[in-house]
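# Geometric and topological summary
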Amino acid sequence: MTAPPTPQPPVTVRTFAQRLSATPRGARLARHLALHQLDAWGVPHGSNASDAVAVIVAELAANAVTHGRVPGRDFELRLDLAAGRIGVEVTDTLAERRPPAPGAVHMPDPLGDDGRGLALVAALADRWEVRDRPPGKTVRAEVDLPGGGP
């Protein structure tokens, strides 16, 4: 005799993807699009999760534009919402300049002009990693939603 199957709640994965010009304007637009999409998914603007994702997208997009830019090629922003977390991916097309692994990010010089981007990502993301994606790389970060999300 076997036990009757336990009903499982449906798993819904929401995704958003957009290619953007590898310019400061494209980086700004990535942040605005991410906030708009989160709000549409029920993650309200101004919530802790929304604010964390906004900073993560801003930093990763700025890095893609500044350090991963190949003339004539865009970068890509991907968001996904599933199982109580928000995933953020930013992909650029320059494989030669790879950021440090999550455990190798050092705190920047407090008087320096740069070097804070990945330190902010490490502080705000619950998990993050760098993946090879020919021709380039993807930085993925995840932010857990309190109470499992919307």
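Preceding this section is the structure that the text describes.
Because the structure is predicted, anything quoted here is derived from the model rather than measured. (Residues numbered from 1 in each chain as written. Predicted model: local features only at pLDDT ≥ 70, side-chain atom pairs only at ≥ 80, totals over all residues. Heavy atoms only, no water.)

Our focus in this paragraph is the packing of helix 1 (residues 24-40) against helix 2 (residues 48-67). Axis separation between helix 1 and helix 2 bottoms out at 9 Å; the angle between their running directions is 155 degrees. Relative to helix 2, the element helix 1 lies roughly antiparallel. In terms of crossing hand, the pair formed by helix 1 and helix 2 is right-handed. Counting all contacts with helix 1, which are made through Pro24, Ala27, Ala30, Arg31, Ala34, Leu35 and Leu38, the residues of helix 2 involved are Ser50, Val53, Ala54, Val57, Ala58, Ala61, Ala62 and Val65. Here the contact of helix 1 with helix 2 is composed, by residue class, of 13 nonpolar, 1 polar and 1 charged. (Axes fitted to C-alpha atoms, helices over the stretch in contact; angles between N-to-C directions. Helix = DSSP H or I, 4+ residues; strand = E, 2+ residues; numbered from the N terminus. Parallel < 35°, antiparallel > 145°, perpendicular 65-115°, else oblique. Left-handed = near helix turned anticlockwise from the far one by under 90°. Contact = heavy atoms within 4.5 Å. Nonpolar A, V, L, I, M, F, W, Y, C, P; charged D, E, K, R; others polar.)

On to the environment of glycine 117. On the secondary structure map, glycine 117 appears in helix 3 (residues 117-124). In sequence terms glycine 117 and alanine 58 are 59 residues apart; their C-alpha atoms lie 8.8 Å from each other.

Attention now goes to helix 1. An α-helix turns once every 3.6 residues. As a result, residues three or four positions apart point the same way. Its 17 residues give helix 1 an end-to-end C-alpha distance of 25 Å, which sits within 8% of 24 Å, the value for a rise of 1.5 Å per residue. Among the residues of helix 1, Gly26, Ala27, Ala30, Ala34, Leu35, Gln37 and Leu38 are the ones counted as buried. Close packing links the buried residues of helix 1 with strand 1 (14-20), helix 2, strand 2 (75-82) and strand 3 (85-92). (Expected span 1.5 Å × (residues − 1). Buried < 20%, exposed > 50% of the residue type's maximum accessible area, 1.4 Å probe, protein only.)

Time to look at the pairing of strand 2. When you tally the buried positions in strand 2, you get 7 out of 8 residues, the bulk of the element. Pairing geometry for strand 1 and strand 2, over 7 bridges, is antiparallel. Looking at strand 2, one finds that arginine 14 is bridged to leucine 81. With 7 bridges connecting them, strand 2 and strand 3 associate as antiparallel partners. Opposite aspartate 80, over in strand 3, you have glycine 87 as the bridge partner. From the end of strand 2 to the start of strand 3, which pair antiparallel, there are 2 residues, and alanine 83 there has a positive phi angle of about 50 degrees. (Pairing = 2+ DSSP bridges.)

Here we take up the nonpolar core. Membership of the largest hydrophobic core comes to 34 residues, with the highest contact counts inside it found for Phe75, Leu77, Ile86 and Val88. No other element matches the 9 residues that helix 2 contributes to this core. (Core = buried A, V, L, I, M, F, W, Y, C linked by side-chain atoms within 4.5 Å.)

Note that aspartate 80 resides in strand 2. Only 2.3 Å separates the side chain of aspartate 80 from the side chain of arginine 85, close enough to count as a polar contact. A distance of 3.0 Å separates the side chain of aspartate 80 from the side chain of arginine 140, its partner in a polar contact. When near neighbours in sequence (up to four residues on either side) are disregarded, aspartate 80 contacts Arg14, Thr15, Trp41, Arg85, Ile86, Gly87 and Arg140. (Polar contact = N/O pair within 3.5 Å; in protein donor to acceptor, adjacent residues only side chain to side chain.)

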